[in-house]
Amino acid sequence: MSGFRFRRRTAVAALLLAVACGGPAPSGRTVINWYTFPDDSGALQQAATNCSRGSHGRYVIDYHKLPRAADRQREQLVRRLAAHDPTLDILGLDVTWAPEFAEARWVLPWSGEVRQQAVQDTLPVSLRTGTWRGRLYAVPSNANTQLLWYRTDLVPKPPATWAQMLAMARRLAQRHKPHYVEIQGGRYEGLTIWFNTLVTSAGGSVLKPDASAPVLGAPVLTATRIMRELATSPAADPSLANQMEDQNRLAMENGTAAFELNWPYVYPAMKADNPSLFRRFKWAPYPRVFPGRPAHTTIGGNDLAVSASSPHPEAAFQAALCLRDRANQKMAAVRGGLPPTLRSLYSDPAVIAGFPFAHEVLSALESAGLRPQTPAYQNVSIAISHTLSPPAEIHPVSAVRRLRFQISDALHSRGLIP
């Protein structure tokens, strides 16, 4: 808005006031405010435009970009929802937030006809992310899962297990070739995801099914051993303890890595940023912990919920259905590399053409694991990432013992501030 000239400021201020208050736009249409993650591809803004036009005058969707970091997104939404802010209509929720938001009664459940429409063709694991105590509170707009990305000039055949990958990295290091395994080792949510994927792939879980207490045990011990082994091997990037997804992506694009565990957005990024290396940039399933036992990658993505404080809940539900419909999910997949939540799109020729790893993504999603589902997830994640940081200093036996106490405290909100 800062580009408007001074003489138009009064008119602009009036328009912004109308939009912020959730009231009718100058055209008489209801404004539906959609708050979600920032999308650089333009797909989400185009979806908002498409749905506004397709509403035939019932509503206009205003797309508001939240901060890039998930914790800052949550912080902004929580503060405004706790204040019963009526300018929030549709909320883009990280796939871990539904239990917390539902328990606080900040979002409305999906029921009746809108629920029936939302679940059609939707991947079951994606629906589980928005479900709490048997009720659907958020519908999936995009899914996400990590794959193994590698360079074919360094690794003709991708590794199937963690042990194979680390052995390949050691051999490349001995030959003075790029050999790092890029993964999220910083003290943040990415480290929790890495840990959770290893635990579920080893056959375990972090919490009991009712989320009342930690489970831990042998799978957690296996996970912490793998994390330490990578962090203390030649495969570790020197910046591992501070790395997030974009640092991993850039290291791969700059040619210092042989492997990368990351989300599919790295594919269009490599294509745009390093076309010559892009020709040797391929993908494979996430490495297994044990031979013969498939990996269970941690599902990511974004869900759509309707704020309990929205003055236009019926219009908001309809707008949310449109934002995540087939056409808009297809556009988000092709333009932005965001995996769809509708199963039928994984066989759509246009999606496959722009999203050539669709088969591997669908296979990973069908066996994906969830992060611990609990209203206290934020505290649980902090307990995990702080206990396991930095990965090179993990001592598996004592780490499991500390995790047991830290997660138990987190579930009861003792000693942690999210």
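To be clear, the structure that these remarks concern was listed above.
If you're wondering where the values come from, they're calculated on a predicted model, not measured in any experiment. (Residues numbered from 1 in each chain as written. Predicted model: local features only at pLDDT ≥ 70, side-chain atom pairs only at ≥ 80, totals over all residues. Heavy atoms only, no water.)

### Description of the overall build of the protein chain
Inference 1: Looking only at helices and strands, the protein chain features 18 helices and 11 strands.
Inference 2: Seen through its principal axes, the protein chain has C-alpha atoms that stretch 70 × 50 × 45 Å.
Inference 3: Contacts spanning at least 24 positions in sequence make up 73% of the contacts within the protein chain whose residues lie at least 6 apart.
Inference 4: Accessible area of the protein chain: about 18200 Å², with a carbon and sulfur share of 53%.
Inference 5: In the protein chain, which carries 45 positive and 31 negative side-chain charges, the distance between the mean positions of the two groups comes to 3 Å. (Helix = DSSP H or I, 4+ residues; strand = E, 2+ residues; numbered from the N terminus. Contact = heavy atoms within 4.5 Å. Areas by Shrake-Rupley, 256 points an atom, 1.4 Å probe, with all protein chains shown as cover. Lys, Arg positive; Asp, Glu negative; His and termini not counted. Charge placed at Lys NZ, Arg CZ, Asp CG, Glu CD.)

### Things to note about unusual backbone geometry
Phi is mostly negative for residues that are not glycine, and the peptide bonds are mostly trans.
Inference 1: Geometrically, the link from Ser389 to Pro390 is a cis peptide bond, its omega value of -5° lying close to zero.
Inference 2: Along the chain, Pro390 turns up in the loop between helix H17 (377–387) and helix H18 (396–411).
Inference 3: The phi dihedral of Asp121 falls on the positive side, at around 70°, and the residue is not glycine.
Inference 4: For Asp121, a relative accessible area of 36% gives the class partly exposed.
Inference 5: Even without being a glycine, Ala211 presents a positive backbone phi close to 60°.
Inference 6: Of note, Ala211 is situated in the loop between helix H8 (189–201) and helix H9 (218–231). (Buried < 20%, exposed > 50% of the residue type's maximum accessible area, 1.4 Å probe, protein only.)

### Some thoughts on helix H10 (residues 245–253)
Inference 1: Residues of H10 that are buried include every one of Glu245, Asn248, Arg249, Ala251, Met252 and Glu253, and no others.
Inference 2: Residues of H10 that are buried sit in contact with strand E7 (147–151), strand E8 (180–182), strand E9 (257–262), helix H11 (266–273), helix H12 (275–278) and strand E10 (281–284).

### Some remarks on empty space enclosed by the protein
Inference 1: As enumerated under the stated definition, the model contains two cavities of 30 Å³ or more in all.
Inference 2: By volume, the largest cavity is sized at about 90 Å³.
Inference 3: Lining the largest cavity, in full, are Trp34, Phe37, Leu44, Ser141, Asn142, Leu304, Leu323, Arg324, Asn328, Gln329, Ala332 and Leu338.
Inference 4: Of all the secondary structure elements, the ones that give two or more residues to the lining of the largest cavity are strand E6 (139–144) and helix H14 (326–336).
Inference 5: Its residues assigned to classes, the lining of the largest cavity comprises seven nonpolar, four polar and one charged.
Inference 6: Computed from the structure, the second largest cavity encloses a volume of approximately 70 Å³.
Inference 7: Every residue along the wall of the second largest cavity is listed here: Val95, Thr96, Pro99, Thr129, Ile299, Leu370, Arg371, Pro372 and Gln373. (1 Å grid on protein atoms, 1.4 Å probe; cavity = no way out; pocket = protein on both sides within 12 Å on 5 of 7 lines; lining within 4 Å. Points joined across faces, edges and corners; volume = space filled by probe spheres on them. Nonpolar A, V, L, I, M, F, W, Y, C, P; charged D, E, K, R; others polar.)

### What about the packing of aromatic side chains?
Inference 1: Summed over the entire model, instances satisfying the criterion amount to 15 aromatic pairs.
Inference 2: Joined through ring pairs, the aromatic side chains of Trp149, Tyr267, Phe278, Phe281, Trp283, Phe355 and Phe357 make up one cluster. (Phe/Tyr/Trp six-rings, centres within 6.5 Å; stacked < 30°, edge-to-face > 60°.)

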